[in-house]
Amino acid sequence: MLSITTKSPYALRALAELARTGGAGPVPIGELARRRDIPVQFLEQLFAVLRRAGVLRSQRGVKGGYSFARDPAEVTVLEIVELLDGRVGAGAESIFAEAAEAARAVLANATIADIVERENRNAGATMYYI
């Protein structure tokens, strides 16, 4: 069926924050959790899955934290959802299978970079392109 737990929305919020602030290097997970009001232990579990899948990389030490292993514009929302919650629409039949395919298409066409842009737009931030 179509089942998305709290894992995916929390992870997407944290990944958007990482994309927004992580350009200068790794960002401590505690900082991401605090900025997006996510329990640190929960976020650690989610990021461990994403690190093992090759979406994120981690660095230990004083200047440690997480950064993207791939460009946020290449990481789709569908990829994150399916890593954390399983295949969207698994076991769906009939009209529900069609709904699942439509949901998969929407999620596959959105990236982490798109989420950041959407958040900026919703916050009223102006994007300047040079």
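None of the values given here were measured: they were computed from a predicted structure.

Draft legend 1. Examining the packing of helix α1 (residues 7–21) against helix α3 (residues 40–52) more closely. Two elements in contact, α1 and α3, have axes whose closest approach is 10 Å; the angle formed by their N-to-C orientations is 80°. With respect to α3, the axis of α1 lies roughly perpendicular. Contacts between α1 and α3 involve K7, Y10, A11, A14 and L15 from the former and F42, L43, L46, F47 and L50 from the latter.

Draft legend 2. Here's a closer look at the pattern of salt bridges. Applying the stated criterion across every chain yields a total of 11 salt bridges. With a shortest N-O distance of 3.8 Å, R20 and E17 are connected by a salt bridge. In this pair, R20 and E17 both sit in helix α1, three residues apart, roughly one turn of the helix. Note that R87 and E101 form a salt bridge whose closest N and O atoms lie 3.9 Å from each other. In this pair, R87 is assigned in the loop between α4 (77–85) and α5 (95–108) and E101 in helix α5, connecting sequence segments 14 residues apart. Beyond isolated ion pairs, a larger network of salt bridges with shared partners links E17, R20, E31, R35, R36 and E119.

Draft legend 3. A look at the nonpolar core. L15, L43, F47, L50, L56, I80 and I112 are the most contacted members of the largest nonpolar core, which totals 31 residues. Contributing elements (two or more residues each) for this core: α1, α2 (29–35), α3, β2 (65–68), α4 and α6 (112–123). The greatest single-element share of this core, amounting to six residues, is contributed by α1. F47 has contacts with A14, L15, I29, L32, L56 and Y66, leaving out every residue within four places of it along the chain.

Analysis parameters
Residues numbered from 1 in each chain as written. Predicted model: local features only at pLDDT ≥ 70, side-chain atom pairs only at ≥ 80, totals over all residues. Heavy atoms only, no water. Axes fitted to C-alpha atoms, helices over the stretch in contact; angles between N-to-C directions. Helix = DSSP H or I, 4+ residues; strand = E, 2+ residues; numbered from the N terminus. Parallel < 35°, antiparallel > 145°, perpendicular 65-115°, else oblique. Contact = heavy atoms within 4.5 Å. Salt bridge = Lys/Arg side-chain N within 4 Å of Asp/Glu carboxyl O. Core = buried A, V, L, I, M, F, W, Y, C linked by side-chain atoms within 4.5 Å. Buried < 20%, exposed > 50% of the residue type's maximum accessible area, 1.4 Å probe, protein only.

Function cannot be inferred from these measures alone, as they are strictly geometric.
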